[in-house]
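Commentary on secondary and tertiary structure
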Amino acid sequence: MRDCIFCKIVKGEIPCHKIYEDKNFLAFLDIAPFVKGHTLVIPKKHYRWVWDIPNLEAYLSVTGRVINHYRKVLKDKFVASIVWGMLIHHAHIQILPCPRELHLNWERSKLEDREGKGLASKLRLP
């Protein structure tokens, strides 16, 4: 999709703080996070809905790798996930590392570049 923000990120037209990347999928920090470390996992090819992805098992496996990596790196953190897909029309799973008592106020902050670089360095999969 020509106007899809996630497709532009995949093409490198818009920068992001990458957490994981392979030939089919990309995980990066959300620039308007609900919580610190809010991450999006997307297929590089444009699909409208998560459930439209033909290699769904591989996609969920990558998402699981990112989540389990966060659990290890962040130690006592609970990592929630959301499959919503209403705001951006490109399949994505949101990963939310947070205390076990998740209290989202649905107000998003802005991820500053310096903080994003530091977080990405800490959370990036080897």
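Before going into details, it helps to say that this report is about the structure given with it. (Residues numbered from 1 in each chain as written. Predicted model: local features only at pLDDT ≥ 70, side-chain atom pairs only at ≥ 80, totals over all residues. Heavy atoms only, no water.)

Structural notes on the environment of His-38
Formally: Strands here mean DSSP runs of E at least two residues long; helices mean DSSP runs of H or I at least four residues long; both are numbered from the N terminus. The buried label goes to any residue with under 20% of its type's maximum accessible area, the exposed label to any with over 50%, and the partly exposed label to all in between, with areas taken from a 1.4 Å probe on protein chains only. In what follows, residue pairs with any heavy atoms lying within 4.5 Å of each other are defined as contacts. Two N or O atoms form a polar contact when they lie within 3.5 Å of each other; inside protein one atom must be a possible hydrogen donor and the other a possible acceptor, and for residues adjacent in sequence the pair counts only when both atoms belong to side chains.
Within the secondary structure, His-38 is located in the loop between β2 (25-29) and β3 (39-43). The exposure class of His-38 is buried, given its relative accessible area of 1%. Distance from His-38 to Cys-4, taken between C-alpha atoms, is 20 Å for residues 34 residues apart in sequence. In this structure His-38 touches Phe-28, Leu-29, Asp-30, Ala-32, Pro-33, Gln-94, Ile-95, Leu-96, Pro-97 and Arg-108, once residues within four positions along its chain are discounted. Side chain to side chain, His-38 and Gln-94 meet in a polar contact 2.8 Å long.

Comments concerning the layout of surface pockets
As a reminder, the rule being used: Definitions used throughout: a 1 Å grid over protein atoms alone; a cavity as a set of points that fits a 1.4 Å probe which cannot get out; a pocket as an open set with protein on both sides within 12 Å along at least five of seven lines; a lining residue as one with an atom within 4 Å of a point. Grid points are joined across faces, edges and corners, and a volume is the space filled by probe spheres set on the points.
When its volume is computed, the largest pocket comes out at roughly 330 Å³. Together, 20 residues line the largest pocket, and Phe-6, Asp-30, Ile-31, Leu-40 and Ile-88 are the ones closest to its centre. If you list the elements that add at least two residues to the lining of the largest pocket, you get α1 (5-11) and β2. Here the lining of the largest pocket takes three residues from α1, the largest share from any one element.

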